[in-house]
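Tertiary structure, described
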Amino acid sequence: MAKPDWKRVEAHLNKTFGASDLKLQSRKTDDDSVEVYKGEEFLGLVYLDEDEGETSYIFEMAILDIDLDS
């Protein structure tokens with residue numbers, strides 16, 4: 001598996017979402033994904049996916065129903 005370029009992924013997320021405070025942090029148990037934070041708030045995970053020689057990154061974010069009322 002190629003070493004993921006998490007800094008480039010972080011820069012892409014910030015550019016895509018018009019932010020400057022999205023940060024990626026490594027996980028203690030898995031090296032195929034990182035945690036995404038906006039400041040101190042956990043947003044989700046980015047997974048590394050390698051298939052047939054192509055690499056992609058999958059951003060997964062859960063939205064709780066209680067957060068929709070805020």
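In the block above lies the structure referred to throughout.
Remember, it's a predicted structure, so these values are computed and weren't measured experimentally.

**Thoughts on the overall build of the protein**
When helices and strands are tallied, the protein shows 1 helix and 4 strands. Secondary structure elements of the protein, listed N to C terminal, follow the sequence α-β-β-β-β. Considered along the principal axes of its C-alpha atoms, the protein spans approximately 45 × 25 × 25 Å. Counting over 70 residues, the protein shows a buried share of 24%. Pairs at least 24 residues apart make up 20% of the contacts formed inside the protein by residues separated by at least 6 positions.

**Thoughts on the sheet that holds strand β4 (residues 54-60)**
Across the sheet, which stays open at both edges, the 4 strands sit in the order β1-β2-β3-β4 with antiparallel pairing between neighbours. Strand pairing shows two members of the sheet lacking a second neighbour, β1 (22-26) and β4, which therefore form its edges. For this sheet, the mean angle separating the axes of adjacent strands, direction not counted, is 30°. Sitting on the sheet, helix α1 (residues 6-16) touches β1, β2 (33-38), β3 (41-51) and β4, and the angle it makes with β1 is about 155°.

**Some remarks on the nonpolar core**
Trp6, Val9, Leu13, Leu22, Leu24, Val34, Val36, Leu43, Val46 and Leu48 form the largest nonpolar core, which has 10 residues in total. When near neighbours in sequence (up to four residues on either side) are disregarded, Val36 contacts Leu13, Lys23, Leu24, Glu41, Phe42, Leu43, Gly44, Leu45, Val46 and Phe59.

**Remarks on the side chain of Asn14**
Tracing the backbone through its elements, the reader meets Asn14 in helix α1. Take Asn14: its relative accessible area is 11%, and that puts it in the buried class. Among the polar contacts listed, one links the side chain of Asn14 to the backbone nitrogen of Asp21, at a separation of 3.3 Å. Other than its neighbours up to four places away in sequence, Asn14 contacts Ala19, Ser20, Asp21 and Leu22.

Reading the values: the criteria
- Residues numbered from 1 in each chain as written.
- Predicted model: local features only at pLDDT ≥ 70, side-chain atom pairs only at ≥ 80, totals over all residues.
- Heavy atoms only, no water.
- Helix = DSSP H or I, 4+ residues; strand = E, 2+ residues; numbered from the N terminus.
- Buried < 20%, exposed > 50% of the residue type's maximum accessible area, 1.4 Å probe, protein only.
- Contact = heavy atoms within 4.5 Å.
- Pairing = 2+ DSSP bridges.
- Axes fitted to C-alpha atoms, helices over the stretch in contact; angles between N-to-C directions.
- Core = buried A, V, L, I, M, F, W, Y, C linked by side-chain atoms within 4.5 Å.
- Polar contact = N/O pair within 3.5 Å; in protein donor to acceptor, adjacent residues only side chain to side chain.

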